[in-house]
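# Geometric and topological summary
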Amino acid sequence: MRDLSRFKQRLEETRENLKKRLKAIEGEGYQHVGSEEVDIANYMNEMDSLFREKEESEKTLKRVERALKRFEKGTYGLCVDCGKEISEERLEIVPFAERCIECEKKLNKVGRK
Ligand SMILES: [Zn+2]
């Protein structure tokens, strides 16, 4: 058994940071709506990038939460496709990785549906 508890800690931290960031993004959105003198084009641009960041953060948050669930089930660090162990070097870079490098490559080649 590998000791992967340090990744769990990192995932929990990431989850908290993402939640805070998402709250902040929502706060910023409301603030803008409240002000009267706004340059519409600028405002749209800002909202657009905020929206994209929000989407990205939500996506990552979901992956982080799935990874934490896998910790509970004891399947964390195992590839969801082939069941092999995901290398710790890979988990260092992407603690919420769901697939091993080989399966990820195959997936990218076929293309996500
Ligand atoms: Zn795999």
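Note that the coordinates shown come from a computational prediction; the quantities given were computed from them, not determined experimentally.

This brings us to the coordination of the zinc ion. Protein coordination at the zinc ion: the donors are Cys79 (SG), Cys82 (SG), Cys100 (SG) and Cys103 (SG), at 2.3 Å from the metal. One can describe the donor arrangement at the zinc ion as tetrahedral, given that its four donor atoms subtend angles of 104 to 116 degrees at the metal. Judged by relative accessible area, which is 7%, Cys103 ranks as buried.

Tallied over the full model, the rule gives two aromatic pairs. Ring geometry for Phe7 versus Tyr76: centroids 6.4 Å apart, planes at 40 degrees, classification tilted. Linking Phe7 in helix α1 (residues 5-34) with Tyr76 in the loop between α2 (40-73) and α3 (88-93), this pair joins segments that are 69 residues apart in sequence. Of the residues examined, Phe7 reaches a relative accessible area of 0% and is grouped as buried. Taking the centre distance of 4.1 Å and the plane angle of 15 degrees together, the rings of Phe71 and Tyr76 count as stacked. By relative accessible area, which is 6% here, Tyr76 ends up buried. An aromatic cluster of at least three residues, connected via ring pairs, comprises Phe7, Phe71 and Tyr76.

A word on the environment of Cys103. Mapped onto the fold, Cys103 is located in helix α4 (residues 101-110). Along the primary structure Cys103 and Lys84 are separated by 19 residues, whereas in three dimensions their C-alpha atoms are 10.0 Å apart. Here Cys103 is in contact with Cys79, Asp81 and Cys82, once residues within four sequence places are set aside.

In this section: the environment of Ala67. Along the chain, Ala67 turns up in helix α2. Not counting residues within four places of it along the chain, the set of residues in contact with Ala67 comprises Leu11, Tyr76 and Phe96.

About the cut-offs
- Residues numbered from 1 in each chain as written.
- Predicted model: local features only at pLDDT ≥ 70, side-chain atom pairs only at ≥ 80, totals over all residues.
- Heavy atoms only, no water.
- Donors = N, O, S within 2.8 Å, 3.2 Å for Na, K, Ca; no water.
- Tetrahedral: all angles 85-135°; square planar, octahedral: opposite > 155°, others 65-115°.
- Buried < 20%, exposed > 50% of the residue type's maximum accessible area, 1.4 Å probe, protein only.
- Phe/Tyr/Trp six-rings, centres within 6.5 Å; stacked < 30°, edge-to-face > 60°.
- Helix = DSSP H or I, 4+ residues; strand = E, 2+ residues; numbered from the N terminus.
- Contact = heavy atoms within 4.5 Å.

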